[in-house]
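Summary of structural features
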Amino acid sequence: MTPAELLTDSFARLPAIASRAVAGLDVDRLATQPEPGANTIAWLVWHTARGQDVQIAALADTDEVWTAEGWAARFALPLDDAEMGYGMDASEVEKVRASADLLTGYLQAVTDRTSSYLAELDAAALDRVVDENWSPPVTAGVRLSSILGDCLQHAGQASYVRGLLDRQ
């Protein structure tokens, strides 16, 4: 297995995790905060997709799936199209309201784009420096590991919140 194949397999697991977290929930339940100020399942799945989308687009030097494929219009969130969730407060988190199908559809579209990008990478491409503002400078491989880690954490959090909601 090549490093790109390993990353592809890892990213491909995200939609299934998210699908289990959103299964059978309506828009209101997906937007329920388990505690005041906590992230919702809708926000967690949306942010998982947006974070991946923004960062993979930057690595691949492509447009984001969010805008290029019309997902921003389909979601019609009362947020700027450039918003990806980083640093949002509770009142902004509450604005992310969407159906399970919309959330998982967008995440799958982003994951498909990620898979296409990864299919073109070789080991040398993973060593390409993409951010010199750190010591040591960040390579594409390190950035991909970071993106994947963040996505897995948020997908896991969505699963955890689902468990909390199921007990209410």
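Per an unreviewed UniProt entry, the recorded name for the chain is DUF664 domain-containing protein, and the organism is Frondihabitans cladoniiphilus.

All right, on to the overall build of the chain then. Looking only at helices and strands, one finds ten helices and two strands in the chain. Starting at the N terminus and walking to the C terminus, you meet the elements of the chain as α-α-α-α-α-α-α-α-α-β-β-α. Its C-alpha atoms give the chain a radius of gyration of 16 Å, within 12% of the compact-globule value 15 Å for 168 residues. In terms of overall dimensions, the chain has a C-alpha envelope of 50 × 30 × 30 Å along the principal axes. A buried classification covers 45% of the 168 residues belonging to the chain. Sequence-distant contacts, at least 24 apart, represent 73% of the contacts inside the chain between residues at least 6 apart. Looking at the chain as shown, the accessible area adds up to about 8500 Å², and 51% of this sits on carbon and sulfur atoms. Computing the positive centroid from 12 side-chain charges and the negative centroid from 25, the chain places the two 7 Å apart.

Before going further, it helps to spend a moment on the layout of surface pockets. Here the largest pocket defines a volume of roughly 170 Å³. As for the largest pocket, its lining consists of Gln 55, Trp 134, Val 138, Val 142, Arg 143, Ser 146, Ile 147 and Asp 150. Per-element accounting of the lining of the largest pocket gives the leading share, five residues, to helix α10 (residues 140-167).

Once that is clear, we can look at the pattern of salt bridges. Scanning the entire structure with this criterion turns up seven salt bridges. Between Asp 9 and Arg 13 there is a salt bridge, with its nearest N and O atoms 2.7 Å apart. With a relative accessible area of 32%, Asp 9 lands in the partly exposed category. The salt bridge partner of Arg 97 is Asp 28, with a shortest N-O separation of 2.3 Å. Here Arg 97 is found in the loop between α7 (90-93) and α8 (100-119), whereas its partner Asp 28 is found in helix α3 (residues 27-30), with 69 residues between them in sequence. Three or more residues joined by partner-sharing salt bridges are found here, namely Arg 50, Asp 53 and Glu 64.

Counting across every chain of the model gives five aromatic pairs. Ring centres of Trp 46 and Trp 66 lie 6.2 Å apart, and the angle between their planes is 70 degrees; on these two criteria the pair is classed as edge-to-face. A residue pair is termed long-range when its members are at least 10 positions apart, and Trp 46 in helix α4 (residues 41-60) and Trp 66 in helix α5 (residues 65-68) qualify at 20 residues. Considered together, Trp 46 and Trp 66 belong to a single accessibility category, that of buried residues. Each ring, one from Trp 66 and one from Phe 75, has its centre 5.0 Å from the other, and the planes form 55 degrees; the classification is tilted. The buried category is assigned to Phe 75, whose relative accessible area is 5%. Three or more aromatic residues link up through ring pairs in this structure, and these residues are Trp 46, Trp 66, Trp 71, Phe 75 and Tyr 106. When the ring centre of Trp 71 is taken as origin, the NZ or CZ atom of Arg 74, which lies over that ring, is 3.9 Å away.

About the cut-offs
- Residues numbered from 1 in each chain as written.
- Predicted model: local features only at pLDDT ≥ 70, side-chain atom pairs only at ≥ 80, totals over all residues.
- Heavy atoms only, no water.
- Helix = DSSP H or I, 4+ residues; strand = E, 2+ residues; numbered from the N terminus.
- Rg over C-alpha atoms; globule rule 2.2 N^0.38 Å.
- Buried < 20%, exposed > 50% of the residue type's maximum accessible area, 1.4 Å probe, protein only.
- Contact = heavy atoms within 4.5 Å.
- Areas by Shrake-Rupley, 256 points an atom, 1.4 Å probe, with all protein chains shown as cover.
- Lys, Arg positive; Asp, Glu negative; His and termini not counted.
- Charge placed at Lys NZ, Arg CZ, Asp CG, Glu CD.
- 1 Å grid on protein atoms, 1.4 Å probe; cavity = no way out; pocket = protein on both sides within 12 Å on 5 of 7 lines; lining within 4 Å.
- Points joined across faces, edges and corners; volume = space filled by probe spheres on them.
- Salt bridge = Lys/Arg side-chain N within 4 Å of Asp/Glu carboxyl O.
- Phe/Tyr/Trp six-rings, centres within 6.5 Å; stacked < 30°, edge-to-face > 60°.
- Lys NZ or Arg CZ within 6 Å of the ring centre and 35° of its normal.

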